[in-house]
Amino acid sequence: MKYVPLGSSSLNVSRVCLGSMTWGVQNNQQDANAQIDYALAKNVNFIDTAEMYAVPPSEQTYGKTEAIIGNWLAANPTKRKDIVLASKIAGPGFSYIREGSQISGKTVIEAIDTSLARLQTDYIDLYQLHWPNRTSPHFGKHWPNSGGFLAEDTAEETEKMLDILQGLTDSVKAGKIRYCGLSDDTPWGISQYLRLSEKHDLPRMVSIQNEFNLLHTKDWPYLIESCVRENIAYLPWSPLATGILTGKYLNGARPEGSRWTYMQRNGLFRDTENSNAAAQAYVNLANKFDITPAELALAWCDQIRGVTSTIIGATTLQQLEDNIAAFSTELPELLLIEINNILKKYPAPF
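Residues numbered from 1 in each chain as written. Predicted model: local features only at pLDDT ≥ 70, side-chain atom pairs only at ≥ 80, totals over all residues. Heavy atoms only, no water.

J.: So what exactly am I meant to see when it comes to the overall build of the protein here?
T.: For the protein, the count of helices and strands is ten helices and ten strands. A compact globule built from 350 residues would reach a C-alpha radius of gyration of about 20 Å, and the protein, at 19 Å, matches this within 12%. Taking all 350 residues of the protein together, the buried fraction comes to 55%. Counting contacts in the protein only where the partners sit at least 6 residues apart, residues at least 24 apart contribute 78% of the total. With the model as given, the accessible surface of the protein reaches about 14900 Å², and the carbon-plus-sulfur share is 51%. On the protein, the mean spot of the 31 positive side-chain charges and the mean spot of the 38 negative ones are 1 Å from each other. (Helix = DSSP H or I, 4+ residues; strand = E, 2+ residues; numbered from the N terminus. Rg over C-alpha atoms; globule rule 2.2 N^0.38 Å. Buried < 20%, exposed > 50% of the residue type's maximum accessible area, 1.4 Å probe, protein only. Contact = heavy atoms within 4.5 Å. Areas by Shrake-Rupley, 256 points an atom, 1.4 Å probe, with all protein chains shown as cover. Lys, Arg positive; Asp, Glu negative; His and termini not counted. Charge placed at Lys NZ, Arg CZ, Asp CG, Glu CD.)

Here it is as C-alpha cells:
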C-alpha cells in the first residue's frame, strides 16, 4: 500500500480510503467489522464516514454508520491511533438534522460533539463540510443554468464561511478535530476558504472530496489544479459511479440488494442512455485487456495526477477484496489511450 500526505496536514494516508455509507442499511455491524479488519490488514489507514450516513439517508438511519464505527473502535481501542478517521457535517436540507438548518459555527460545534459520542472517540482526524450552504453544482446539477446555482449573495456567503471557520477553529483548539476539509464544493469555495484562513489566521482546508470517475470528470483539470497548487488533498468519491461502471446495471439489470434497488435522494440521475453506452464501452474494453470493469475504473482513478486517495465502498467482503486489489493494477499505455477515446465520445453522459 502506498501512502501520501493529506494535503498540507501532518497526516499520511493510504491511496485507498475505506468508505462506509452502506453500513447501517445494506451492511450490518458484523459486515462493517469484517470490512474494517480486512482493510487494516491490507494497510488501509483511512476511513471516511458522515453524520448523515447510512445511505440512502433517512431519519431512522441518521448517525447509524458513525455508531457502527464507534462500536468497532470501542472493541479495538488500541487501533484508534493507526486510523485516520474522517467524518462530515451535513449541509442544509434534512428536516431531521438540526431542523434542516444551514452549516454555521454553532452547528459545526454541535455536530462534532454528537459525532464524537457516536464514534466513541476523543477526536476526529479530518472533519469535512459535506456540502456547502449555497447551491452546489454536484449530483447532476452541473448543466448550464441548473437549479439555484449562482443565486446567492457573495458577501453573505463569505460571511457564513468565516463563521464556519471560526467554529472549526474552536473545535481544533479544543482537540476535538485535527484538520478540516470540504466536500462537493468548487474552485471558488476552495479559494474563499483559503483566503479567509490566511486573512484571519484560521485553520486552512486540507482536502476536498468530490465525485470523480470515468463518467464524471468535470474536476479535471480546473478544480484539481487548484488542489495541486494549493496543496489540498483531492479525494474522489464514487469511483465506480455508484456501481454502473462495474457493468452490473447494464440492460436494465437490478441485482438484488444492489444500491440502485434502494430509493435514492436525487433519483437515478446517472441512469441515462449515454451513461449506459459509456459503461458498456468500458466493460468491453476491460474484457479486451482481461481485467474486470471495476479494476479498470479504480486503477484509472488512482493514476490521475492530483488524486490523493480514492474513496471506495463495498457491500460484500469479496467486493472489498477485489476493489483494494485493483489499486495494484498498472494500466498499459494502449489501454489508457482507448479509455481517452471513450471519454471523448462520452465526456458528460449524465
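J.: Please clarify how unusual backbone geometry should be interpreted in this entry.
T.: Peptide bonds are trans in most cases, and residues, glycine excluded, mostly fall at negative phi. At the junction of Tyr53 and Ala54, the peptide bond is cis and its omega measures out at 25 degrees in the coordinates. With respect to the helices and strands, the residue Ala54 is situated in the loop between β4 (46-48) and α2 (64-75). Cis peptide bonds are those with omega within 30 degrees of zero, and the linkage from Trp220 to Pro221 qualifies with 0 degrees. Looking at the secondary structure, you find Pro221 in the loop between β8 (205-211) and α6 (222-230). Unlike most non-glycine residues, Gln120 shows phi in positive territory, near 55 degrees. Residue placement: Gln120 occurs in the loop between α3 (105-119) and β6 (124-129). Backbone geometry at Thr242 places phi at a positive 60 degrees, although glycine is not the residue there. For Thr242, the location among the structural elements is in the loop between β9 (233-237) and α7 (273-288). In this structure Thr242 comes out as buried when scored by relative accessible area, which is 10%.

J.: I keep staring at the state of the cysteines and nothing clicks. Help me out?
T.: Disulfide: a covalent bond connecting the sulfur atoms of a pair of cysteines. All chains considered together, the criterion is met by zero disulfides. Cysteine Cys17 remains unbridged, with the sulfur of Cys301 as its closest cysteine sulfur at 12 Å. With relative accessibility at 0%, the residue Cys301 sits in the buried group. (Disulfide = S-S within 2.5 Å.)

J.: Explain the nonpolar core here, please?
T.: It is characteristic of soluble globular proteins that their nonpolar side chains tend to be buried jointly. Core analysis: the largest hydrophobic core is formed by 85 residues, its most contacted members being Tyr127, Leu168, Leu214, Tyr282, Leu296, Trp300 and Ile339. Per element, the largest residue contribution to this core is seven residues, and it comes from helix α8 (residues 293-302). Apart from residues no more than four positions distant in its own chain, Leu296 is found in contact with Leu214, Tyr282, Leu285, Ala286, Ile291, Leu331, Leu335 and Ile339. Membership of the second largest hydrophobic core comes to 15 residues, among which are Val13, Phe46, Ala86 and Ile311. (Core = buried A, V, L, I, M, F, W, Y, C linked by side-chain atoms within 4.5 Å.)

J.: Would you mind going over the environment of Pro239 with me for this structure?
T.: Take Pro239: it is sitting in the loop between β9 and α7. Using a relative accessible area of 4% as the deciding quantity, one classes Pro239 as buried. Distance in space between the C-alpha atoms of Pro239 and Ser197 is 30 Å, their sequence separation being 42 residues.

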